[in-house]
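Listed here are the chains, written in short residue letters.
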Amino acid sequence: MAAEEEISQEELNIHGPGDKLRMGRQAMKLELEDVAARTRVPLRLLKALETGDYAALPGSTYCIGFSRAYARAVGLDEVQIAREVRAELEAQDAMTGSRYEAFEPADPARVPPRYLAWTAIVLALILAVGYGIWRTQYFTAPTDEEIAQTAVIEAPAPAPARPGAVSVPMPPATPSGEVVLTATDTVWLRIYEEGGKRLFEKEMAAGESYSVPADAKNPLILTGRPQALRVTVGGKEVPPLGTPDKTIADVGISASALNARPSAPPPSGSNLP
């Protein structure tokens, strides 16, 4: 029997959405841990929903999304619950000003201020420009003077081609190998394809591993603790994906993308939003 059928309409009318969620859970004789297992929403965020502590949640979108999942898990009308949560958020906004909207945080417990997001964007642009300059200088052809100062090692001349023979160019070597992410500490991460399809999303415990599917289309990663992941390509460890406790998003983790990264980790920067 659905939870709303076990709770009188009068009780539902006099309580807020958080109370209704709690009453629905109790009507189904569930603990918060049971709801967390069903919805995959962290326990602390479910507690915040029940108490109406929306400031403890990452943003309005998350508040509404989590409340819908909670309502669905306990048999309540998720559309109605979401509508009431949105109304409460708008009422709070009217009293306290604009509510901070987090942009896809890797860990809901760490929601950075907006000014840090802008700082991160500026730093990312600086890094991108610097990397472009470095690539330009690194791959610039040497001058005649530089060639003259370098010892020339003569290679044996290739055998003459037979008449009528067609030269077939060899295909370039493609970096390959299984990509494995191993948690060295507790870490939340999401793996998704370029088109947005989610391949994996979980809070991994230390020692847990995940192998990126070989047929994944340009797999990307989102996480707030890149230092808690050990990444290997074909069994060979690659540099960290980012600086400690700094959120990374849309970072390629295919074998080719990882092998193309610089050998040294990126300099320290602020958290992405």
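Residues numbered from 1 in each chain as written. Predicted model: local features only at pLDDT ≥ 70, side-chain atom pairs only at ≥ 80, totals over all residues. Heavy atoms only, no water.

Asker: Is there a simple way to explain the overall build of the chain in this structure?
Answerer: Scanning the chain from N- to C-terminus turns up ten helices and eight strands. Residue pairs at least 24 apart in sequence account for 63% of intrachain contacts in the chain once pairs closer than 6 positions are excluded. As displayed, the chain has an accessible area near 16800 Å², and 56% of this comes from carbon and sulfur atoms. (Helix = DSSP H or I, 4+ residues; strand = E, 2+ residues; numbered from the N terminus. Contact = heavy atoms within 4.5 Å. Areas by Shrake-Rupley, 256 points an atom, 1.4 Å probe, with all protein chains shown as cover.)

Asker: Teacher, can you tell me more about the packing of helix H5 (residues 43-51) against helix H6 (residues 60-73) here?
Answerer: Two packed helices can be described by the angle between their axes and the distance between those axes. Running from amino to carboxyl end, H5 crosses H6 at an angle of 90 degrees, the nearest separation of the two axes being 10 Å. Judged by the angle between their axes, H5 and H6 are roughly perpendicular. Between H5 and H6, the residues in contact are Leu45, Leu46, Leu49 and Glu50 and Cys63, Phe66, Ser67 and Tyr70, respectively. Partitioning the contact of H5 with H6 into residue classes produces six nonpolar, one polar and one charged. (Axes fitted to C-alpha atoms, helices over the stretch in contact; angles between N-to-C directions. Parallel < 35°, antiparallel > 145°, perpendicular 65-115°, else oblique. Nonpolar A, V, L, I, M, F, W, Y, C, P; charged D, E, K, R; others polar.)

Asker: What is the right way to read the side chain of Arg261 from this model?
Answerer: With respect to the element layout, Arg261 can be found in the segment after helix H10 (255-259). Of the side chains with opposite charge, Glu237 lies nearest to the buried Arg261, which makes no salt bridge, at 10 Å. Polar contacts involving the side chain of Arg261 include one to the main-chain carbonyl oxygen of Pro240, which spans 2.8 Å. (Buried < 20%, exposed > 50% of the residue type's maximum accessible area, 1.4 Å probe, protein only. Lys, Arg positive; Asp, Glu negative; His and termini not counted. Salt bridge = Lys/Arg side-chain N within 4 Å of Asp/Glu carboxyl O. Polar contact = N/O pair within 3.5 Å; in protein donor to acceptor, adjacent residues only side chain to side chain.)

Asker: Would you explain H6 in this entry?
Answerer: Residues that lie three or four places apart on an α-helix share one face, since the helix turns once every 3.6 residues. The end-to-end C-alpha distance of H6, which contains 14 residues, comes to 20 Å, matching closely the 20 Å that a straight helix rising 1.5 Å per residue would cover. Burial of H6 is extensive: ten of the 14 residues sit out of reach of the surface. In the stretch just after H6, Gly75 is the one whose phi turns positive, near 80 degrees. (Expected span 1.5 Å × (residues − 1).)

Asker: Sorry, what's going on with the sheet that holds strand S7 (residues 236-237) here?
Answerer: Whether parallel or antiparallel, the strands of a sheet pair through hydrogen bonds between backbone atoms. Pairing within the open sheet is antiparallel, and its four strands lie in the order S4-S1-S6-S7. Every interior strand has two partners, whereas the edge strands, strand S4 (209-211) and S7, have only one. The pairing of strand S1 (residues 179-183) with S4 spans three bridges and is classified as antiparallel. Across the sheet, Val180 pairs through a bridge with Ser211, a residue of S4. (Pairing = 2+ DSSP bridges.)

Asker: Mind showing me how you'd approach the environment of Glu50 here?
Answerer: Of note, Glu50 is situated in helix H5. When the C-alpha atoms of Glu50 and Lys20 are compared, they prove to be 8.1 Å apart, with 30 residues separating the residues in sequence. Leave out the neighbours within four places in its chain, and Glu50 touches Gly18, Asp19, Arg22, Arg25, Leu32 and Tyr70. Here Arg25 takes part through its side chain, which lies 2.8 Å from a polar atom of the side chain of Glu50.

Asker: So what exactly am I meant to see when it comes to the packing of helix H4 (residues 32-39) against H5 here?
Answerer: H5 packs onto H4 with a crossing angle of 115 degrees between their chain directions and a minimal axis gap of 9 Å. Our classification of the angle between H4 and H5 gives roughly perpendicular. Read as a crossing pair, H4 and H5 show a hand that is right-handed. Side by side, H4 and H5 meet where Leu32, Glu33, Val35, Ala36 and Thr39 of the first sit next to Leu43, Leu46, Lys47 and Glu50 of the second. Its residues assigned to classes, the contact of H4 with H5 shows five nonpolar, one polar and three charged. (Left-handed = near helix turned anticlockwise from the far one by under 90°.)

Asker: Is there a simple way to explain helix H3 (residues 17-27) in this structure?
Answerer: Across the eleven residues of H3, eight count as buried, placing the element largely inside the fold. Looking at the residues trailing H3, positive phi occurs at Lys29, about 55 degrees.

Asker: Please clarify how the packing of aromatic side chains should be interpreted in this entry.
Answerer: Note on aromatic pairs: each is described by the distance of the centres and the angle between the planes. Within this structure, the stated rule accounts for two aromatic pairs. Ring geometry for Tyr62 and Phe66: centres 5.6 Å apart, planes at 55 degrees, overall tilted. Here Phe66 and Tyr62 lie together in helix H6, a separation of four residues that amounts to about one turn. Looking at Phe66, the relative accessible area reads 15%, which means it is buried. (Phe/Tyr/Trp six-rings, centres within 6.5 Å; stacked < 30°, edge-to-face > 60°.)

Asker: Is there a simple way to explain the pattern of salt bridges in this structure?
Answerer: A side chain of one charge can pair with a side chain of the opposite charge if their charged atoms are brought near each other. Inspection of every chain in the model, using the stated rule, returns eleven salt bridges. Between Glu50 and Arg25 there is a salt bridge, with its nearest N and O atoms 2.8 Å apart. Residue Glu50 is found in helix H5, and its partner Arg25 is found in helix H3; the two are separated by 25 residues along the sequence. Overall, Glu50 belongs to the buried group, its relative accessible area being 11%. For Arg25, a relative accessible area of 9% corresponds to the buried category. As a salt-bridge pair, Asp185 and Arg225 come within 3.4 Å of each other at their nearest N and O atoms. With Asp185 in the loop between S1 and strand S2 (187-192) and Arg225 in the loop between strand S5 (220-223) and strand S6 (229-233), this residue pair connects regions lying 40 residues apart in the sequence. Classification of Asp185 by relative accessible area gives partly exposed; the value is 35%.

In short, geometric facts, not functional conclusions.
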